[in-house]
Amino acid sequence: EGHVMPLASGAFYAVGRTSQGFLAASSSPSLAGPWLPTGYARFWNVTLAPHVLVPSTAVKNPRGPITVKRFQHVGNGKYLMLFYFNSGHSFLSDSAGDVSRNPYWLSAGIETNGTMLFSQPEIIIYNRINRGDHPGYPDMFEHEGTVFITETQKQVARIHEVGDTLLQLLFSQDTRAQQAAGAAVTFREADKGVKLKLAGFPDLNFSKHTVGFAVDVVLSNLHKVTEPRVVLTVAPGTSTAASSSTHGLQLSFDPAKGVTVAFGDGVAATNGTTSGWCNTALAVAADTGAPVHIAFVADGGANMASLPCKAPC
C-alpha cells in the first residue's frame, strides 16, 4: 500500500507502511530511476528553522494505512500526510493498552533536495470515548478551498473537514521560529531552586475538548547526573509518584530509567516514563554530553498525553 508522489522538480518520492514501527521511504530523480535504497521517512530538523530543512528523526507508524497528497491551492504545492505517529505493531488493543490506530496525525510535507521532509505533526482525527476505534483507509481531497479527510472502518465511513488555521500553521512551520503564543513562563538555569508564580495550572478535566498544555525542556550535562533528580515541578502539591491527590506536574530524570513525568488535576492522576528509542537517545546524550529536548504534551481533546524526546538538539 505504498504511495508514489510526483515532486515539482520532476523527481519522485515513495512512502509506505511497514511492520517495523516506521514509514519506509525512497526517492528517485525520475520515474525510470534509479531509486535510492529504502530508508525511513524523516521529519525536518526544526531546531534549524527557518528555511534550513535537513533530515531529522524517522517518522513512526504502525502497520496501519496512511495517505499523502499534494495540495496545489490550499497548500501552494505543499503536501499533507496522514499517519498514526506511533511505533505499535498491532491495530488491536493488547495487554499493554496499545491502540496503534487511534488517533490519526497530520504533517505538512515539503520537497527538499529531491526528496520530502515532514513537519512536526498535529492530532487531527481521534475518538476520545472509544479508544478501540480504528479510523483507517483514509483519503484527502480539496474542494473550494477546504481540505477534507475521509476514513473508514470497513463498515462505517466518515468525512472530516480540516480547519484552515491548523493547515496554515502546518504549512508555515518551516518559516516560524518565534516562541509560541501563550507561553506562561520560561525556566532557565539561573532559576534553579527559584519558585516562580504562574497564572494558574490548566484544569485537566478531559470533558473540556479545548483544554491542554505543553512543557518544553532542554536537558544538558546529563553525563554529570548519577542518581534520580527532579528537573521541574509546576503547581503546588505535585508528588514524585502520581496519586489521586496529585495536582500539577513533575518532571524527573533517572540515568537508569529515563525521563518520568507525573501529573494530575487533583481528581485523577497518571504518570509515564520514556522507553525504547528515546532512552537510547538519552543514553547516547549522557555519554557525549549532548543536550536533549524533552516535551510533555497533554491534549484534552484527544484525551491523551505524549512524552517525546529528541537528542541531540
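The structure we're discussing is the one just above.
Fair warning: this is a prediction, and the values are worked out from it, not measured in the lab.

Quick notes on the rules
- Residues numbered from 1 in each chain as written.
- Predicted model: local features only at pLDDT ≥ 70, side-chain atom pairs only at ≥ 80, totals over all residues.
- Heavy atoms only, no water.
- Helix = DSSP H or I, 4+ residues; strand = E, 2+ residues; numbered from the N terminus.
- Buried < 20%, exposed > 50% of the residue type's maximum accessible area, 1.4 Å probe, protein only.
- Areas by Shrake-Rupley, 256 points an atom, 1.4 Å probe, with all protein chains shown as cover.
- Arc of directions from axis to C-beta.
- Pairing = 2+ DSSP bridges.
- Axes fitted to C-alpha atoms, helices over the stretch in contact; angles between N-to-C directions.
- Contact = heavy atoms within 4.5 Å.
- Salt bridge = Lys/Arg side-chain N within 4 Å of Asp/Glu carboxyl O.
- Polar contact = N/O pair within 3.5 Å; in protein donor to acceptor, adjacent residues only side chain to side chain.
- Expected span 1.5 Å × (residues − 1).
- Patch = residues over 30% accessible without salt bridge, like charges linked within 9 Å, V, L, I, M, F, W, Y side chains within 5 Å.

(A) Region of interest: the overall build of the protein chain. From N to C terminus, the protein chain includes 2 helices and 22 strands. By residue count, 41% of the 313 residues in the protein chain fall in the buried class. For the protein chain, the accessible area works out to roughly 16500 Å², and carbon and sulfur atoms hold 54% of it.

(B) Here's a closer look at helix α1 (residues 164-171). Of all the residues in α1, the buried ones are Leu-167, Leu-170 and Phe-171. When α1 is viewed along its axis, its buried side chains cluster within an angular range of 95 degrees and face the same direction.

(C) Layout of the pairing of strand β20 (residues 292-299). The pairing of strand β15 (residues 212-219) with β20 spans 8 bridges and is classified as antiparallel. Directly across from Val-215, in β20, lies its bridge partner Phe-296. As defined by bridge partners, β20 adjoins strand β22 (residues 309-310) across 2 bridges and the pair is classed as antiparallel. Note that in β22 the partner of His-293 across the bridge is Lys-310. In terms of strand pairing, β20 meets strand β21 (residues 304-306) through 3 bridges, oriented antiparallel. If you follow Ala-298 over to β21, its bridge partner there is Ala-305. Counted between consecutive antiparallel strands, the loop separating β20 from β21 contains 4 residues, among which Asn-303 sits at a positive phi close to 60 degrees.

(D) Region of interest: the sheet that holds strand β1 (residues 3-6). Strand order in the open sheet formed by 4 strands is β1-β2-β3-β4, with antiparallel pairing between adjacent strands. In this open sheet, the two edge strands, each paired with only one partner strand, are β1 and β4 (39-40). Bridge count between strand β2 (residues 12-16) and strand β3 (residues 24-28): 5 bridges; the pairing is antiparallel. Bridging from a neighbouring strand, Phe-12 pairs with Ser-28 of β3.

(E) Spotlight on the sheet that holds strand β14 (residues 157-161). Read from one edge of the open sheet, 3 strands run β12-β13-β14, paired in antiparallel fashion. Strand pairing shows two members of the sheet lacking a second neighbour, β12 (136-143) and β14, which therefore form its edges. Across the sheet, the axes of successive neighbouring strands diverge by a mean angle of 20 degrees, strand direction being ignored. Summarising the sheet, strand β13 (residues 146-152) and β14 pair through 5 bridges and their orientation is antiparallel. The residue of β14 that forms the bridge with Ile-149 is His-160.

(F) Quick look at the side chain of Asn-61. Residue placement: Asn-61 occurs in the loop between β6 (55-58) and β7 (67-71). Once residues within four sequence positions are removed from consideration, Asn-61 is found in contact with Arg-17, Gly-21, Phe-22, Leu-23, Ile-66, Phe-83, Tyr-84, Phe-85 and Asn-86.

(G) Quick peek at the pattern of salt bridges. Taken as a whole and assessed by the stated rule, the structure comprises 4 salt bridges. Residue Glu-1 pairs with Arg-17 through a salt bridge whose shortest N-O separation is 2.7 Å. One end of the pair, Glu-1, is in the segment before β1; the other, Arg-17, is in the loop between β2 and β3, and 16 residues separate them in sequence. Overall, the relative accessible area of 23% leaves Arg-17 in the partly exposed class.

(H) Region of interest: the environment of Arg-42. Following the sequence through the fold, Arg-42 ends up in strand β5 (residues 42-44). By relative accessible area, Arg-42 is classed as partly exposed at 31%. Separated by 14 residues in sequence, Arg-42 and Ser-56 have C-alpha atoms that sit 5.9 Å apart. Those residues within four positions of Arg-42 in sequence are excluded, and the remaining contacts are Pro-55, Ser-56, Thr-57, Ala-58, Val-59, Met-116, Leu-117 and Phe-118. At 3.1 Å, the side chain of Arg-42 forms a polar contact with the backbone oxygen of Ser-56.

(I) Quick look at helix α2 (residues 277-288). Helix length check: α2 (12 residues) gives 17 Å between terminal C-alpha atoms against 16 Å at 1.5 Å per residue, within 8%. All of the buried residues along α2 are Cys-278, Leu-282 and Ala-285. Down the axis of α2, the smallest arc covering the buried residues is 65 degrees, so these residues share one side. In this structure, α2 carries Trp-277, Asp-287 and Thr-288 as exposed residues pointing more than 90 degrees from its buried face.

(J) Quick peek at the environment of Gly-136. Along the chain, the position of Gly-136 falls in strand β12. Separated by 52 residues in the primary sequence, Gly-136 and Tyr-84 have C-alpha atoms spaced 9.4 Å apart. Gly-136 has contacts with Pro-65, Tyr-84, Tyr-104, Glu-151 and Thr-152, leaving out every residue within four places of it along the chain.

(K) Molecular detail of a nonpolar patch on the surface. Residues Val-4, Leu-31 and Trp-35 make up a contiguous nonpolar surface patch of roughly 300 Å² in combined accessible area. When you line up the elements, Trp-35 lands in the loop between β3 and β4. Given the relative accessible area of 36%, Trp-35 is considered partly exposed.

Function-wise, these values are silent; they only describe arrangement.
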